[in-house]
Number of protein chains: 2
Amino acid sequence: MPTPGTLRVQLLEAQRRLREEGVAVQILVAGIEGAGRHAVINALTHALDTRGLRVHAWTPESVPAQGRPPLWRYWMHLAPRGQIALFLDGWYESALASALAGQTVSLTHPRRLEAQLRAEGSRVLKLWVALPLNVARRRLRARLREEQRAPRLPEQAVLAAADDAEQALASLRKGDPEWCVLNGERPDRLGKAALAAVLEQLTAAAPALPKRPRLPPLKDRRRITGTTIPPEPDAAALETALASLQVELARRAWQAHAAGRSTVLVLEGWDAAGKGGVIRRITQALDARLFRVVPIAAPNDEERARPYLWRFWRHLPPQGEITIFDRSWYGRVLVERVEGYASRADWTRAYAEIRDFEAQLVESGIRLHKVWLQIHPDTQLARFEARAADPAKQHKLTDEDWRNRERRPAYEAAIEDMLARTEAPEASWQVVAADHKQPARVEVLRRLVEVVG
Amino acid sequence: MPTPGTLRVQLLEAQRRLREEGVAVQILVAGIEGAGRHAVINALTHALDTRGLRVHAWTPESVPAQGRPPLWRYWMHLAPRGQIALFLDGWYESALASALAGQTVSLTHPRRLEAQLRAEGSRVLKLWVALPLNVARRRLRARLREEQRAPRLPEQAVLAAADDAEQALASLRKGDPEWCVLNGERPDRLGKAALAAVLEQLTAAAPALPKRPRLPPLKDRRRITGTTIPPEPDAAALETALASLQVELARRAWQAHAAGRSTVLVLEGWDAAGKGGVIRRITQALDARLFRVVPIAAPNDEERARPYLWRFWRHLPPQGEITIFDRSWYGRVLVERVEGYASRADWTRAYAEIRDFEAQLVESGIRLHKVWLQIHPDTQLARFEARAADPAKQHKLTDEDWRNRERRPAYEAAIEDMLARTEAPEASWQVVAADHKQPARVEVLRRLVEVVG
């Protein structure tokens, strides 16, 4: 076994290489209070170059996710490419607490997060500092006596653990071969063991990526483009409907705020389908304190250095607010797929990633409203030409819009796939015929009013 | 007067030009509840290209600064270069609330923020929607009757305003010629008036920057480099002292956490002065949940797009935690000054900006501990050579370190200026002789223990 000195040299070398290769490393140090996780974290921060390293640990009093899904705060602190994040328990925090309390544990979202991280090139290292509950209790009691103080919350959880907690913790760990188990009974050896384990995993070849998911064939394709454009309905009636929907939306937005209910509106649609007009009718109605509009453009360098969905996670609304995404994570399976910005493996995997992301929103109580604004190619052409002629709208029309238009059949296939593969209960698509602007706005607002609740 | 149509075309053109020039625009829309600020914001979001625009408004229930200074959340949401941020009241939020409640108002920090923004190339536009209090009250009461509801908090503030609030609000506004006052009594004209005012300011020449501040001559220069290195003190006694300081620090950090008291530690020093070792002795002692280490390196593109201090504001600790800056905002007046990365105007201005920043930390109850680790040039040379020879430390030594060493006299002047010009009550420098590592660590920890409190 190498001495700590050479271990450290090798670790630094591994860290340097991963930094140069732009690999993100997420390290979890999990276990119960008193097991020795802090000794492991200290050994790692001592050994590694701290310039590329961040430690993330929270007390029970830390500001929590404020209505966002429980994984939000881990997402927010993922190491970017080339750096290392060290998490105390990390995304197993609540599973560990549940196991201690004798409650059932779901690992679905943590496991999917890890799969997603690995698929995008992160290394995920999972260290478990294991210590029998009775030993941990003895240690904690001795420490409390020595420091003459009452137990803190995480300590209380260990002291008051359920009878079958030992078994629950063991099964949590044993169901997953990726955990590297360190023996907490020998605190003096913990640091060195941790360094050796991390070195071994950092220098091992990157784990083989799972194959590109085979997408199940679609039974029902929803055909989006009709052959004709319907006649324009009565304008005056629509104006009245729109105005009363706006009043109702304002009322419900304040109610939702008072009740701490958040809403995410996803607006997707063809270029010139009228997203801007829809958004304006919504934001006119709302108090500026209750919503944010997030226009999605090319990612910046903080965003490019992290997994794809990070730049959407970061804009999720806090409790009681509404976030409107003007384009969204669906870019992955639309423009990125059609234009080849994402690899085939990336966009085929994205359907499941998006379903999981949206499921987490829904589970945490966020209302989700996904809109596709559909227009006929002739409508689009007419609007492009009108934009080109109007100095107040010219900025909305780019060469890219014309190029996208040329690829309409490829986009149609991608859109129909998207609608079919990401339809889910409480994450359902509203496909709106938007050849006429006013009825489209009324339709979106009518549904939004229901969703905001 | 131009029609709204041409106004909009001209606004879009102005927005496009400022985006191309990489100018950040911060727009404040201030006034009392009911005056018509939302109509102004709607008119602006309607007229401008929303892709480069964010609106920032908070309800009284929004998560506040969590122990950071009141201006923290505005800093966090400043428009980056090329974009526009629209703030409802913005950094006058608390001044407006105080005026309404008949309390005294301090505008020191908002005014300094604006000066700083302008000095770094932001445009700052200040719109005030003015409405007499009695008119606002009438409007609010009519609205409450119509919507059959109780007043919300900001509405209550207007309904219950102090007798002399009208005067307090007027003097708040009249003391500052930069406010562009819009008449809230004619809601139908507000939008157009706001567009015209914004257009005028966006197309006007950028306001002349104030001259480079003339720095007052220094009376007392603190000479930092002595001619000799003192002999190494007794090692065993220091080990014992260090260990007991670590125990005490751990205890006090939990106490501070319980009391919601935060600490910021700024560690500066010569290359190879031993910052890493000091940090390790501190972090070994602390629970990982109570602190963050923030190593300061070159800014990334999100950081470069914002005023200089943004990247430090973003890392301020939440209530009850400790943030350790491994190098800091003092880079501006050290490496950036000496190496010419900052212009002379930038670094001379920085002393006042830093004093204001630190004053805000102190005022909001954050404990500040600033350390300069001082070593003799011979000590540095010996450590550089030891690093070059040690494979576990080679990564810490770069060509830049040797280059900086060549410029020692220029750095010494910059350091002595820094120590003299940024010394302040509760923001005092601890200059530590660090030619011997262990006594330096003991000195820093001893003071830190007192500061954490």
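This text goes with the structure placed above it.
Everything in this summary refers to the structure shown in the same document. (Residues numbered from 1 in each chain as written. Chains lettered and ligands numbered in written order. Predicted model: local features only at pLDDT ≥ 70, side-chain atom pairs only at ≥ 80, totals over all residues. Heavy atoms only, no water.)

**A short note on the overall build of chain A**
- For chain A, the helix and strand inventory stands at 19 helices and 10 strands.
- Expressed as a percentage of the 453 residues in chain A, the buried residues total 56%.
- Taking all contacts inside chain A whose residues are at least 6 apart in sequence as the whole, residues at least 24 apart take part in 80%.
- When the accessible surface of chain A is summed, it comes to about 19600 Å², and 52% of that surface belongs to carbon and sulfur atoms.
- Positive and negative side-chain charges in chain A, numbering 68 and 56 respectively, have mean positions lying 3 Å apart. (Helix = DSSP H or I, 4+ residues; strand = E, 2+ residues; numbered from the N terminus. Buried < 20%, exposed > 50% of the residue type's maximum accessible area, 1.4 Å probe, protein only. Contact = heavy atoms within 4.5 Å. Areas by Shrake-Rupley, 256 points an atom, 1.4 Å probe, with all protein chains shown as cover. Lys, Arg positive; Asp, Glu negative; His and termini not counted. Charge placed at Lys NZ, Arg CZ, Asp CG, Glu CD.)

**Thoughts on the sheet that holds strand β10 (residues 429-433) of chain A**
Residue and element names in this part refer to chain A.
- In space, the 5 strands of this open sheet follow the order β7-β8-β6-β9-β10, with parallel pairing throughout. The open sheet has two free edges, formed respectively by β7 (291-295) and β10, since each of these has just one partner strand. Strand-to-strand twist across the sheet, computed as the mean angle between neighbouring axes with direction ignored, equals 20°.
- The sheet contact formed by strand β6 (residues 263-269) and strand β8 (residues 322-326) spans 5 bridges and is parallel. What sits directly across from Val 264, in β8, is Thr 323. (Pairing = 2+ DSSP bridges. Axes fitted to C-alpha atoms, helices over the stretch in contact; angles between N-to-C directions.)

**Digging into the interface of chain B and chain A**
- Taken together, the contact between chain B and chain A spans 47 residues of the former and 47 residues of the latter.
- Interface of chain B and chain A: buried area, both sides summed, is about 4300 Å²; carbon and sulfur atoms make up 51% of it.
- Counting across the chain B and chain A interface gives 4 salt bridges.
- Notably, a salt bridge pairs Glu302(A) with Arg314(B), separated by 3.1 Å at the nearest N-O pair.
- Counting every contact that joins chain B to chain A gives 23 residue pairs in polar contact (both at pLDDT 80 or more).
- Of all elements in the fold, only α1 (4-21), α2 (37-47), β2 (53-56), α10 (235-259), α11 (275-285), β7 (291-295) and α12 (301-304) of chain B reach the threshold of two or more residues within the side of chain B that touches chain A.
- With 5 residues, α2(B) is the largest single contributor of residues to the side of chain B that touches chain A.
- For the side of chain B that touches chain A, the residue count by class is 17 nonpolar, 13 polar and 17 charged. (Buried area = accessible area lost by both parts, 1.4 Å probe. Salt bridge = Lys/Arg side-chain N within 4 Å of Asp/Glu carboxyl O. Polar contact = N/O pair within 3.5 Å; in protein donor to acceptor, adjacent residues only side chain to side chain. Nonpolar A, V, L, I, M, F, W, Y, C, P; charged D, E, K, R; others polar.)

**Focus on the packing of aromatic side chains**
All names here are of chain A.
- Inspection of the entire model under this criterion finds 38 aromatic pairs over all chains.
- Residues Trp 75 and Trp 313 carry aromatic rings whose centres are separated by 5.2 Å and whose planes lie at 15° to one another, so their mutual orientation is stacked. In this pair, Trp 75 sits in helix α3 (residues 72-76) while Trp 313 sits in helix α13 (residues 310-313), placing the two residues 238 residues apart along the sequence. Residue Trp 75 shares its accessibility class with Trp 313, and that shared class is buried.
- What links up through ring pairs into an aromatic cluster is the set Trp 75, Tyr 308, Phe 312, Trp 313, Phe 325, Trp 329, Tyr 330, Phe 357 and Trp 429. (Phe/Tyr/Trp six-rings, centres within 6.5 Å; stacked < 30°, edge-to-face > 60°.)

**Some words on the nonpolar core**
- Trp91(B), Leu127(B) and Trp329(B) are the most contacted members of the largest nonpolar core, which has 139 residues in total.
- The greatest single-element share of this core, amounting to 8 residues, is contributed by α10(B).
- With residues near it in sequence (within four places) discarded, Trp329(B) still touches Val264(B), Val266(B), Tyr308(B), Leu309(B), Phe312(B), Ile354(B), Phe357(B) and Glu358(B).
- Grouped together as the second largest cluster of nonpolar side chains are 138 residues, Val29(A), Ala35(A), Leu140(A) and Trp313(A) included. (Core = buried A, V, L, I, M, F, W, Y, C linked by side-chain atoms within 4.5 Å.)

**Overview of helix α5 (residues 108-119) of chain A**
All names here are of chain A.
- Between its terminal C-alpha atoms α5 stretches 17 Å, which fits the 16 Å expected from 12 residues at 1.5 Å a residue.
- Among all positions in α5, only His 109, Pro 110, Leu 113, Glu 114, Gln 116, Leu 117, Arg 118 and Ala 119 are buried.
- The inward-facing, buried residues of α5 contact β1 (25-31), α3, β4 (123-130) and α15 (344-363).
- Backbone geometry just after α5 places Gly 121 at a positive phi near 95°. (Expected span 1.5 Å × (residues − 1).)

**Topic: the pairing of β6(A)**
All names here are of chain A.
- Most of β6 sits out of view: 7 of its 7 residues are buried.
- Side chains Thr 263, Leu 265, Leu 267 and Gly 269 project from β6 onto one buried face, and the interleaved Val 264, Val 266 and Glu 268 project onto a second face that is buried too.
- Of the strand pairs in this sheet, β6 and strand β9 (residues 367-374) are connected by 7 bridges, and their pairing is parallel. Bridge pairing links Leu 265 to His 369 in β9.

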